[in-house]
Amino acid sequence: MWARRLAGWGGLLVALIGGTPAIGQTWSGGPIWRPSPVPQAGPGPSDCGVDASTAGAVGDGVTDDTAAIQAALNQGGRVCITRPGTYVVSAALVNAGVLPNASLNSALVIQSNTTLMLGRGVRLWMANQSNCYLMRNANPGTGDHDITIAGGSFDGNCNNQQTNLWVEPYWFGHLMVFKNVQRLSVRDTGTIEPKCFAWLFAGCSDVAVERIGFHHFHRNSDGVHFDGPSERIVVRDLSGVTGDNMVSFTPGEGTYFFGKALAEWGEGDIRDVLVENICSNDAKEPVRLTGPAHLVMENFIIRNVWGSVRDGMGIHLHDDDRGALSGCRMSNILIENISCTVPPGYAQVAIDASGATDVTVRDVWVRATHNIAVMVESKPGSNVDLSLLRIDGLRTMTPVERLVRIGGGTGAARVRQLTGSNWTGSLIPGGVMIDASQPVDAIKLGGITCNGGIFLSKSTASPMAMTLGGLRLVNAEYGFMVGGTTSIDLSNSSVTGLGTLMLYQADPAAKTRVTGSGLTYGPAIPTSPVYVIGGSLSVSNPGWRMRGVFFTAPPVMGDRFFNTEVGVMPWAALGVGRVRFDGVEWIRD
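The structure contained in this document is the topic of the report that follows. The numbers attached to residues start from 1 for each chain and follow its sequence in the written order. Per-residue local features are limited, in this predicted model, to residues with pLDDT of at least 70; the limit for side-chain atom pairs, both in listing and counting, is 80 or more; totals at the level of whole chains, interfaces and linings are taken over all residues. Heavy atoms from the whole structure form the basis of all side-chain values; hydrogens and water molecules are not counted.

Some details on the overall build of the protein
Worth spelling out the cut-off: Secondary structure counts use DSSP, requiring at least four H or I residues in a row for a helix and at least two E residues in a row for a strand, with both numbered from the N terminus. Whether two residues touch is decided by their heavy atoms; if any such pair falls within 4.5 Å, the residues are in contact.
Along its length, the protein carries 5 helices and 45 strands. Of the contacts made within the protein by residues no fewer than 6 positions apart, 70% connect residues no fewer than 24 positions apart.

Re the side chain of S457
Mapped onto the secondary structure, S457 falls in strand β33 (residues 454–458). With residues up to four places along the chain from it excluded, the contact list for S457 reads V432, I434, D435, A436 and M481.

Focus: the state of the cysteines
Simply put, the disulfide is a covalent bond whose two ends are the sulfur atoms of two cysteines. The criterion, for reference: When the sulfur atoms of two cysteines come within 2.5 Å, that pair is taken as a disulfide.
Within this structure, the stated rule accounts for 1 disulfide. Disulfide pairing places C48 opposite C80 at an S-S distance of 2.2 Å. Judged by the sign of its S-S torsion, about -110°, the cystine formed by C48 and C80 is left-handed. With C48 in the loop between β2 (30–31) and β3 (50–51) and C80 in strand β5 (residues 77–81), this residue pair connects regions lying 32 residues apart in the sequence.

Focus: the environment of V94
Using the following cut-off: Think of it in three bands: with a 1.4 Å probe and only protein chains considered, a residue is buried below 20% of the maximum accessible area for its type, exposed above 50%, and partly exposed in between.
As for its placement among the helices and strands, V94 is situated in helix α3 (residues 92–95). The class for V94 is buried, based on a relative accessible area of 15%. A C-alpha to C-alpha distance of 8.1 Å links V94 and L104, two positions 10 residues apart in sequence. Leaving out residues up to four positions away in the same chain, V94 has contacts with N101, A102, N105, S106 and A107.

Focus on the packing of aromatic side chains
The condition is simple: Within 6.5 Å between ring centres, the rings of Phe, Tyr and Trp (the latter by its six-membered ring) count as paired, and their orientation is classed by plane angle as stacked under 30 degrees, edge-to-face over 60, tilted in between.
By the definition in use, this model includes 17 aromatic pairs. An angle of 85° between the planes, with centres 5.8 Å apart, marks the rings of F154 and W199 as edge-to-face. Here F154 is found in strand β12 (residues 153–155), whereas its partner W199 is found in strand β15 (residues 199–202), with 45 residues between them in sequence. W199 matches F154 in its accessibility class, with the two residues each being buried. Ring centres of F581 and W586 lie 5.5 Å apart, and the angle between their planes is 55°; on these two criteria the pair is classed as tilted. Taken individually, F581 and W586 each receive the classification buried, so the pair is uniform in this respect. Among the aromatic side chains, those forming a connected cluster through ring pairs are F154, F178, W199, F201, F226, F249 and F300.

Comments concerning the nonpolar core
This is how it is decided: Nonpolar cores were defined as sets of buried Ala, Val, Leu, Ile, Met, Phe, Trp, Tyr and Cys residues, with membership established by side-chain atoms within 4.5 Å.
Counting residues in hydrophobic clusters, the biggest one holds 135 residues, and the most contacted among them are F178, W199, F249, L389, F455, F480 and W544. It is strand β31 (residues 412–436) that contributes the most residues to this core, 8 residues altogether. Ignoring sequence-local partners within four residues, the contact set of L389 consists of I351, V359, V361, V374, V376, I406, V415, Q417, L418 and T419.

Describing the pattern of salt bridges
The line we're drawing: Put simply, a salt bridge is a Lys or Arg side-chain nitrogen that is within 4 Å of an Asp or Glu carboxyl oxygen.
If you walk through the whole model with that rule in mind, you get 26 salt bridges. Residues E377 and R405 are paired through a salt bridge, measuring 2.9 Å at the closest nitrogen-oxygen approach. A residue pair is termed long-range when its members are at least 10 positions apart, and E377 in the loop between β27 (372–376) and β28 (383–386) and R405 in strand β30 (residues 400–406) qualify at 28 residues. Owing to a relative accessible area of 11%, E377 belongs among the buried residues under this scheme. One salt bridge in this structure joins E565 and R547, with 2.8 Å as the shortest N-O distance. On the criterion of sequence distance, the pair formed by E565 in the loop between β43 (560–563) and α5 (571–574) and R547 in the loop between β42 (536–546) and β43 is long-range, its members being 18 residues apart. Each member of the pair, E565 as well as R547, carries the same accessibility label: buried. Connected through shared salt-bridge partners, R187, E210, R236, E276, R303, E336 and R362 make up one network.

Overview of the side chain of D188
Mapped onto the elements, D188 comes out in strand β14 (residues 181–192). Owing to a relative accessible area of 18%, D188 belongs among the buried residues under this scheme.

Observations regarding the pairing of strand β11 (residues 144–150)
The line we're drawing: At least two DSSP bridges between two strands are needed for those strands to be called paired.
β11 sits mainly inside the fold: 5 of its 7 residues count as buried. With 4 bridges connecting them, strand β8 (residues 114–118) and β11 associate as parallel partners. Across the sheet, residue T114 finds its bridge partner in β11, namely I147. Sheet analysis places β11 next to β14, joined by 6 bridges and oriented parallel. Within β14, the position partnered with A150 by the bridge is R187.

Quick look at the structure:
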């Protein structure tokens, strides 16, 4: 299915199983830009056009090196700082009115066709009370191109910066800001304690962000943050801790901050994005997508995300609680190979974005009892309506409380079609593999093993149609706890465990219909494999074990089941075994 979808992107030639896609392949807008290689071991003399550390920059942690480094950057080309040390940068040029630094409120400014390479042990450190960006591109209005930043580290010194300046140019404590840049590469570097976002990209295309480390603890200190319009983005091999999202995509953010049209943020769609190999060491959330209703995010691949999460979800398709960033249309989203440990009650993959339409999730590993693999819910005032949710490959490493949850939020949530395969889950007593407290119109699953607990709990009165192939219930408490109208079609399925009840139905308005031909039960059969105290039940599945007294719906010709009643007439007279309705009466099959 995804091969067909990717072809629809204009031929994104990415092998989704096995191997890592390389920059230089094709997105919908043309070939992916391939950045020029830079030496990962640090620049040598032959790599530099100008070396700021031999042209006036001291790097002693005391001397203000802003002017010397800016003078090197003004020459363009390949700019290096090779000598290890702490290079102090400040608002000296901003306060002196030097353009463009002053107009951009940035200690340093980098222009088009410039590569900045920092050697090992090189740190750029923001002086106390600088209250400006450490670096911006030179022409955010008209745009820049071909900028590379590699190596070293950038320290925001956030505890000694002012939180916000509510005057132009609206400084929010971002460290590195790039707006309207084409062909931008950031790699092999790290950021330390920015006041807000470490890397803010707005209106950028052909972007590669690779091998970045983060050491952030301040609130709202994102690692990598993209605003629109942006496209053809590769983010990979990130690690560390961030005070907020490690990777965030927000196509229109200016209106979020009190309706201000801020110079820092762009507004427009974000598309054609690959995010992979993200290691969270107690970050707030590894990856988040959120945005306003009039914008679009599409064609995302998010994969290989692992580690610990402090107080959020693993992968979060999100409507913001304040409502300003709600309803962004999200389509063609693939999320795969996720193994995060999140706080109790949180999910590794969470969808509460009311504009999300089709999402595919593959290979989620649940490692903590109170973690959820995939959750769909709504925020106050929003309405999540997913046309398609496909989940392939769920695994539990320990018995869990919930594996997939639909609903539970304060708003309305709905999944039109839930499909998938290859789930293997162990549940704690009372645990649920699929907890549907909000409508799921249709479920089509194959290759599911539910060990313990309850396979499906459906508490909504809305109709649900299930097609299940290869369902294995192993020592489960219940197969199905249902309300409302439910149809269950079973094939190639089995139940083992004397205590497993296939159906629990206590809703007086419930109407359950069981069809299919492939079900084996045993070797032992419980006394009451079906427990119905309300509503109606009809069965046309010869392997469905039940006591005839629980057959509560008027039969139709061809209805059949496996009768286990031995004490109540007339069912006891039929004996234990398969029975069917011939149009007039029940007979042995």
